[in-house]
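An overview of the molecular structure
Spelled out, the chains give:
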Amino acid sequence: MCTTGVLRLGADDYLLFKNKDFGRTHFDDRLVTEPEVFGVRGVTTWAGTDPDLDQFSGFSIGANEHGLLCCDSNVRALEGHANYDELTEIALRQGRDVDSAVAAVQEAVESKPYLWANLIMIDAEGAAAVEVRGDRTKVTALTGPAARSNHHIALKPHPDNDDTVTTQRRLASAQRRLKQATGINDVFALQRSHDDGDTGICNHQGYETVYSYVLRHRAGSTSLHVAQGRPCTDPQRVELAVPLGGAWSPVATAQFRVAYPSAQAMRDG
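A brief report on the enclosed structure follows.

Quick word on the overall build of the chain
The helix and strand tally for the chain stands at 5 helices and 13 strands. Its C-alpha radius of gyration of 17 Å places the chain within 12% of the 18 Å reference for a compact globule of 269 residues. Overall, the C-alpha framework of the chain stretches about 50 × 40 × 40 Å when taken along its three principal axes. Residues counted as buried form 57% of the 269 residues belonging to the chain. By sequence separation, contacts in the chain at least 24 residues apart represent 59% of the contacts at least 6 residues apart. Of the accessible surface of the chain, which amounts to about 10900 Å², a share of 46% is contributed by carbon and sulfur atoms. Computed over 27 positive and 35 negative side-chain charges, the inter-centroid distance for the chain is 4 Å.

Below you can see the structure in the form of structure tokens.
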């Protein structure tokens, strides 16, 4: 399922967060670490219980060398539609900023239908949410702290969405907490929160939160705060410098992967 959001902390200081909800209690990320782009591989089989059947494509969350941050959340899975995680990868590979990333996503959706999703992205100047529904997109410019969950806002919720139970309450909780947030620790608290019991942002109802991420771009460099497991149990949160642009090297990439909390981190994405 997933809860996502963006927050601007100051001049050239902004972040994007995501709680990844999954169909089982444990999951190991696979990574893409290139000079131009970093991404956590997306999974079309997020509701599956057998890890041997996992199908990876696109990016679930990522950043690029230009300081663009982007992630997505599921709305509805349909047969014959392309994986929306591919759109996050397109945004980060083709976009230099929010405007060019949005244009790249819109062009891709015009070419073929995609699974329904919410994308959210932020750069040094602006932020946007992109709702994807098959061959349609709806873009909302974000002027302040903003969250998304698993239903469409501008395109309106649909009765056949994959989550009609927890999504509204998670969005309300995340939005309320983001409006009060003044620093990154408030975002960590948001990710751990259970304002509505098991239907909290740390989700235990139907799907389990298996990773929590915060990507932060500050003073020209990007860092990742990542924890594996339920955030409410306070798993070890690792802060890593993301090797992008001039910071990329084989050594820096190897160090990043070794420190990343995943048994699959040393595999190519």
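Notes on the sheet that holds strand β4 (residues 37–43)
Here 7 strands make up an open sheet; going across it, the order is β3-β4-β5-β6-β7-β8-β9 and the pairing antiparallel. The open sheet has two free edges, formed respectively by β3 (31–33) and β9 (136–142), since each of these has just one partner strand. Here the strands of the sheet are splayed against their neighbours by 25 degrees on average, with no regard to which way each runs. Across the face of the sheet, helix α5 (residues 250–259) comes into contact with β3 and β4 while running at roughly 160 degrees to β3.

Description of helix α2 (residues 98–111)
Under the 1.5 Å per step criterion, the end-to-end length of α2 is 20 Å for 14 residues, consistent within 8% with the ideal 20 Å. Where the residues of α2 are buried, they touch α1 (85–94), β7 (114–122), β8 (127–134) and β9.

Focus: the pairing of β8
Most of β8 sits inside the fold, with 8 of its 8 residues counted as buried. Relative to β8, β7 runs antiparallel, the two sharing 7 bridges. Within β8, the residue paired with A117 across the bridge is V132. The antiparallel hairpin formed by β7 and β8 contains 4 residues in its connecting segment. Note that β8 and β9 share 7 bridges and pair antiparallel. For V132, the partnering residue across the bridge sits in β9 and is T137. Between β8 and β9, which pair antiparallel one after the other, the connecting turn spans 1 residue.

The rules behind each value
- Residues numbered from 1 in each chain as written.
- Predicted model: local features only at pLDDT ≥ 70, side-chain atom pairs only at ≥ 80, totals over all residues.
- Heavy atoms only, no water.
- Helix = DSSP H or I, 4+ residues; strand = E, 2+ residues; numbered from the N terminus.
- Rg over C-alpha atoms; globule rule 2.2 N^0.38 Å.
- Buried < 20%, exposed > 50% of the residue type's maximum accessible area, 1.4 Å probe, protein only.
- Contact = heavy atoms within 4.5 Å.
- Areas by Shrake-Rupley, 256 points an atom, 1.4 Å probe, with all protein chains shown as cover.
- Lys, Arg positive; Asp, Glu negative; His and termini not counted.
- Charge placed at Lys NZ, Arg CZ, Asp CG, Glu CD.
- Pairing = 2+ DSSP bridges.
- Axes fitted to C-alpha atoms, helices over the stretch in contact; angles between N-to-C directions.
- Expected span 1.5 Å × (residues − 1).

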